[in-house]
Amino acid sequence: MSAHTGPILEGRGATDYERYIRVPELLELVKPADLLAHPEERLFQTTHQAAELWLHHIDYEIGRVDGLIRGDEIGHAAELLDRCTRILILLRQQIVILETMAPADYHVIRTTSLGRGSGQESPGFAKLLDVGKRLWPPFEELLGRRGVSLIEIERAPRIHAELFRLVQAMLDYDEAFLNWRFTHMRLAFRVIGSKVLSLKGVPASQLEMGTREPLFPLLWDTISELTAEWKPTY
Ligand code: HEM
């Protein structure tokens, strides 16, 4: 290694890449192969660990979105929400990898490694459930400052282009979150079934309720309101 290519950062690992990313520390968090209850456990743990990192990141971006809405930086807020939506789409795509696991193999992992653990206890997911509560107050204040209502934005999206952009970004985020919940429900039904109890004693079918709980219900109501105003004949 020449003097110009060797690592200059502090930390563990032979290269600056490993030191900056903290690869040794990160990989220490993955259960070693000889301790796995089943060879399929590696995929199960890695999927959850990767999800927690991304959930943690979304929470960080939502904090920024909150500040940007309060500071009237609507375009930037919408951009960051779009980023979060893309991460949710990624999270949805990554959980279905687990559908390649045979249910019988999962039962070995479930009964030996997980204790009473459940995705319900995910701290990252709990924070995401609060996104509606976090973003709605600053959003309402913004509408107040601009003197415009939701239905007015929906009626005239070009006139209220900036606010409409933000509303669309919020709906995209909400939809991506609901889609994640739906896909996760299908994954759970595929691997353990819908007529069983979770390790917490909760019926797995309860997951269905979450697929019907939007984070921003008033945004969805406004779309129905607009449709009603057009007095469709059925
Ligand atoms: C073999 C794969 C999986 C099965 C069989 C499964 C099963 C379940 C079941 C039955 C529940 C509902 C009851 C309870 O909380 O215990 C649940 C909830 C949850 N799981 Fe999973 N899960 C799987 C994979 C994942 C993955 C990869 C994640 C990624 C983070 C995840 C995150 C969650 C979350 C966040 C909840 C709460 C969901 C909500 O309230 O809508 N699960 N899971």
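Structure report, in brief.

**Observations concerning the packing of aromatic side chains**
Point 1. Using the criterion set out here, one finds 5 aromatic pairs in the structure.
Point 2. For the pair Phe44 and Tyr106, a centre-to-centre distance of 5.2 Å together with 45° between the ring planes defines the contact as tilted. Remark: Tyr106 occurs in helix α5 (residues 103-112) and Phe44 occurs in helix α3 (residues 41-70); sequence separation between them is 62 residues. As far as burial versus exposure is concerned, Phe44 and Tyr106 are alike and both buried.
Point 3. Chaining the aromatic ring pairs together yields one cluster made of Phe125, Phe177 and Trp180.

**Re the packing of helix α7 (residues 131-146) against helix α9 (residues 161-191)**
Point 1. Two elements in contact, α7 and α9, have axes whose closest approach is 12 Å; the angle formed by their N-to-C orientations is 165°. If you check the angle between α7 and α9, you find them roughly antiparallel. Seen along the crossing, α7 lies across α9 with a hand that is left-handed. On α9, the residues that touch Val131, Trp136, Phe139, Leu142, Leu143 and Arg146 of α7 are Glu162, Leu163, Leu166, Val167, Met170 and Tyr173.
Point 2. Among the residues making up the contact of α7 with α9, the classes are represented as 10 nonpolar, no polar and 2 charged.

**A closer look at the nonpolar core**
Point 1. Core analysis: the biggest nonpolar cluster contains 49 residues, and Ile58, Leu81, Phe139, Leu166, Tyr173 and Leu219 have the highest contact counts within it.
Point 2. Going through the elements one at a time, α3, α4 (74-95), α5, α6 (123-129), α7, α8 (150-155) and α9 are the ones with two or more residues in this core.
Point 3. Examining the composition of this core, we find that 13 residues originate from one element, α9, more than from any other.
Point 4. The contact partners of Ile58, leaving out residues within four places of it in the chain, are Cys84, Ile87, Leu88, Leu91, Leu128 and Tyr173.

**Some remarks on the site of the ligand**
Point 1. Around the ligand, 22 residues are found, and the nearest of them are His48, Ser118, Arg181, His184 and Ser198.
Point 2. Interatomic distance of 2.6 Å between a side-chain N/O atom of Ser118 and an oxygen atom of the ligand.
Point 3. Of all the secondary structure elements, the ones that give two or more residues to the shell around the ligand are α3 and α9.
Point 4. If you tally residues by element for the shell around the ligand, the top one is α9, at 6 residues.

**So, the coordination of the iron atom of the ligand**
Point 1. Looking at the iron atom of the ligand, one finds just one donor atom contributed by the protein, His184 (NE2), at 2.1 Å.
Point 2. By the secondary structure assignment, His184 is in helix α9.

**A closer look at the packing of α4 against α9**
Point 1. Relative orientation of the contacting elements α4 and α9 amounts to 15°, with a least axis distance of 9 Å. Between α4 and α9, the crossing angle belongs to the class labelled roughly parallel. The handedness of the crossing between α4 and α9 comes out as left-handed.

**Looking at unusual backbone geometry**
A negative phi angle characterises most non-glycine residues, just as the trans form characterises most peptide bonds.
Point 1. One non-glycine residue, Arg22, adopts positive backbone phi at about 65°.
Point 2. As for its placement among the helices and strands, Arg22 is situated in the loop between α1 (16-21) and α2 (23-28).
Point 3. Its identity is not glycine, yet Asp72 carries a phi of approximately 60°, on the positive side.
Point 4. On the secondary structure map, Asp72 appears in the loop between α3 and α4.
Point 5. In this structure Asp72 comes out as partly exposed when scored by relative accessible area, which is 30%.

**What to know about the pattern of salt bridges**
Point 1. Applying the stated criterion to the full structure yields 18 salt bridges.
Point 2. For Arg12, the salt bridge identified is with Glu28, shortest N-O distance 2.4 Å. In this pair, Arg12 sits in the segment before α1 while Glu28 sits in helix α2, placing the two residues 16 residues apart along the sequence.
Point 3. The exposed category is assigned to Glu28, whose relative accessible area is 52%.
Point 4. Residues Glu141 and Arg70 are paired through a salt bridge, measuring 3.7 Å at the closest nitrogen-oxygen approach.

**A few points about α4**
Point 1. When the terminal C-alpha atoms of α4 are compared, their 32 Å separation across 22 residues agrees well with the 32 Å that a helix rising 1.5 Å per residue should span.
Point 2. By the burial criterion, the buried members of α4 are Ile74, Ala77, Ala78, Leu80, Leu81, Cys84, Thr85, Ile87, Leu88, Leu91, Gln94 and Ile95.
Point 3. Close packing links the buried residues of α4 with α3, α6, α7 and α9.

Calculation notes
- Residues numbered from 1 in each chain as written.
- Predicted model: local features only at pLDDT ≥ 70, side-chain atom pairs only at ≥ 80, totals over all residues.
- Heavy atoms only, no water.
- Phe/Tyr/Trp six-rings, centres within 6.5 Å; stacked < 30°, edge-to-face > 60°.
- Helix = DSSP H or I, 4+ residues; strand = E, 2+ residues; numbered from the N terminus.
- Buried < 20%, exposed > 50% of the residue type's maximum accessible area, 1.4 Å probe, protein only.
- Axes fitted to C-alpha atoms, helices over the stretch in contact; angles between N-to-C directions.
- Parallel < 35°, antiparallel > 145°, perpendicular 65-115°, else oblique.
- Left-handed = near helix turned anticlockwise from the far one by under 90°.
- Contact = heavy atoms within 4.5 Å.
- Nonpolar A, V, L, I, M, F, W, Y, C, P; charged D, E, K, R; others polar.
- Core = buried A, V, L, I, M, F, W, Y, C linked by side-chain atoms within 4.5 Å.
- Near = heavy atom within 4 Å.
- Polar contact = N/O pair within 3.5 Å; in protein donor to acceptor, adjacent residues only side chain to side chain.
- Donors = N, O, S within 2.8 Å, 3.2 Å for Na, K, Ca; no water.
- Salt bridge = Lys/Arg side-chain N within 4 Å of Asp/Glu carboxyl O.
- Expected span 1.5 Å × (residues − 1).

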